[in-house]
Amino acid sequence: MKSMNRSVILHLIRKHKQISRAEIAKKAHLTPPTVTNIVNELLEVGLVKESKVGESKGGRKPILLSMNSKSFYVVGLDIGGQKIRGVLTDLNAEVEESVSINFQKGLSKEDLLSNIKNVITSLIANSKVEKTKLLGIGIGMHGMVDHHQGVALFAPNLQLTNIPLKKELEEEFDLPVYVENDARAFALGEAWFGNGYGFENLVCINVGIGIGAGIVMNGQLYHGKNNIAGEIGHTIVDINGTKCTCGNYGCLETVASGRALVEKAKEELSNGKSSLLQDVVNKDEITGELIFQYAQKGDIVAKDILVQTGKSLGVGILNLVNFINPERVIIGGGVSKAGSYILDPIQSLIASKALTEDARKTEIVPSKLGNYATSIGAVTLVLFDLFSADPVGKGQLTIEF
Ligand SMILES: [Zn+2]
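Residues numbered from 1 in each chain as written. Predicted model: local features only at pLDDT ≥ 70, side-chain atom pairs only at ≥ 80, totals over all residues. Heavy atoms only, no water.

A closer look at the domain arrangement of the protein
Part 1 of the argument: Under the domain assignment, the protein is made up of domain 1 (2–67), domain 2 (73–189 + 373–387) and domain 3 (197–367).
Part 2 of the argument: For domain 2 and domain 3, the distance between their C-alpha centroids amounts to 26 Å.
Part 3 of the argument: In this complex, domain 2 contributes 15 residues to the contact, which on the side of domain 3 involves 21 residues.
Part 4 of the argument: The largest contributions to the domain 2 side of the interface with domain 3 come from Arg184, Phe186 and Ala187, which together make up 44% of the buried area.
Part 5 of the argument: Viewed at the interface, domain 3 and domain 2 are joined by 0 salt bridges.
Part 6 of the argument: Our count for the domain 2 to domain 3 interface comes out at 5 residue pairs in polar contact (both at pLDDT 80 or more).
Part 7 of the argument: Every element with two or more residues in the side of domain 2 that touches domain 3 is listed here: β8 (144–146), α6 (182–193) and α12 (373–387).
Part 8 of the argument: No other element matches α6, which puts 5 residues into the side of domain 2 that touches domain 3.
Part 9 of the argument: When its residues are assigned to classes, the side of domain 2 that touches domain 3 shows 9 nonpolar, 3 polar and 3 charged. (Domains from an automatic or database assignment. Contact = heavy atoms within 4.5 Å. Buried area = accessible area lost by both parts, 1.4 Å probe. Salt bridge = Lys/Arg side-chain N within 4 Å of Asp/Glu carboxyl O. Polar contact = N/O pair within 3.5 Å; in protein donor to acceptor, adjacent residues only side chain to side chain. Helix = DSSP H or I, 4+ residues; strand = E, 2+ residues; numbered from the N terminus. Nonpolar A, V, L, I, M, F, W, Y, C, P; charged D, E, K, R; others polar.)

Description of helix α9 (residues 288–296)
Part 1 of the argument: Taken together, the buried positions of α9 are Leu290, Ile291, Phe292, Tyr294 and Ala295.
Part 2 of the argument: Packed against the buried residues of α9 are α8 (258–270), α10 (300–324) and α11 (340–353).
Part 3 of the argument: Remark: Gly298 follows α9 within two positions and exhibits a positive phi of approximately 100°. (Buried < 20%, exposed > 50% of the residue type's maximum accessible area, 1.4 Å probe, protein only.)

Spelled out as structure tokens, the structure:
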């Protein structure tokens, strides 16, 4: 109970930025002595500070409490198919230190774990933050993840299974470790620190080599019974379409991912379309980024490929707007860097075809957190445990002082 009240109080201080003890007691339905005791504990560990004196409604002016964001730090890692991006941040997810490394080909499970440990060790060493000031480590892992056990069940881009991330890292660093699927971590990060701030219901779609989404429902991550909620990349948009990596045909990923974008370009070129892209001698060097660069130079074919990809993605997003009815849809990942080429066709499809007038106004916005969105999301997994008003929903409350 005590821990839960502490979380509720921290949540209120974080949410309001400045708040008095009396306000907390009122909003949290706690007695003033309970609030005083917990606040004293928080002041003692340095997590909270007393700031300026508030407005008085007669009588003594209340002292306001605020977060001491530089009192503790968090490590967050984004483990993709080709690289690890790691950050060490303060309690506002302000990045103090970042490290990223690329994987060598044919990585074993042991190699992966030692790479991860090296990144964390470098982050801590470079930042010069004392170990006692670290709250925990968050991991946004691509593929299927058991977030309760903290195990990466299947990492398709590395062809590795059953990686006991939580157990290994807790043993190594003696800190609480939280593991989530990367798209979900990304979604939580956007909800707390990005373009989803202030919204309780969001869908955040990561469009990279593949397409994954994280769903935030009533401020909580939604997993579904078997952890596959958000696998929008494998919703079928064309039953007669091409074969997907999952074995089915015509998944959204086959028409709207970074991989699909490159395939489409190669197809257009082999059909003899006149494009600056024809100058690329080795067609395997064509990337989404290159297509975007050529589109910006005015290449019609490159522009058209991006717009077509936006339209295909729009179909998938239209389905989910009608199905989940989020307040906002946030798009991140490599493909989102193509900006309005991709976003405009999506927005216009929603604006013309979503079911109701209100749904047609659903905003489609790019990620605010950029390349480190998933790493910041991984940091947020740790902060969620500390600051969420409903830690029970998470099923764990690991951080103790
Ligand atoms: Zn599929």
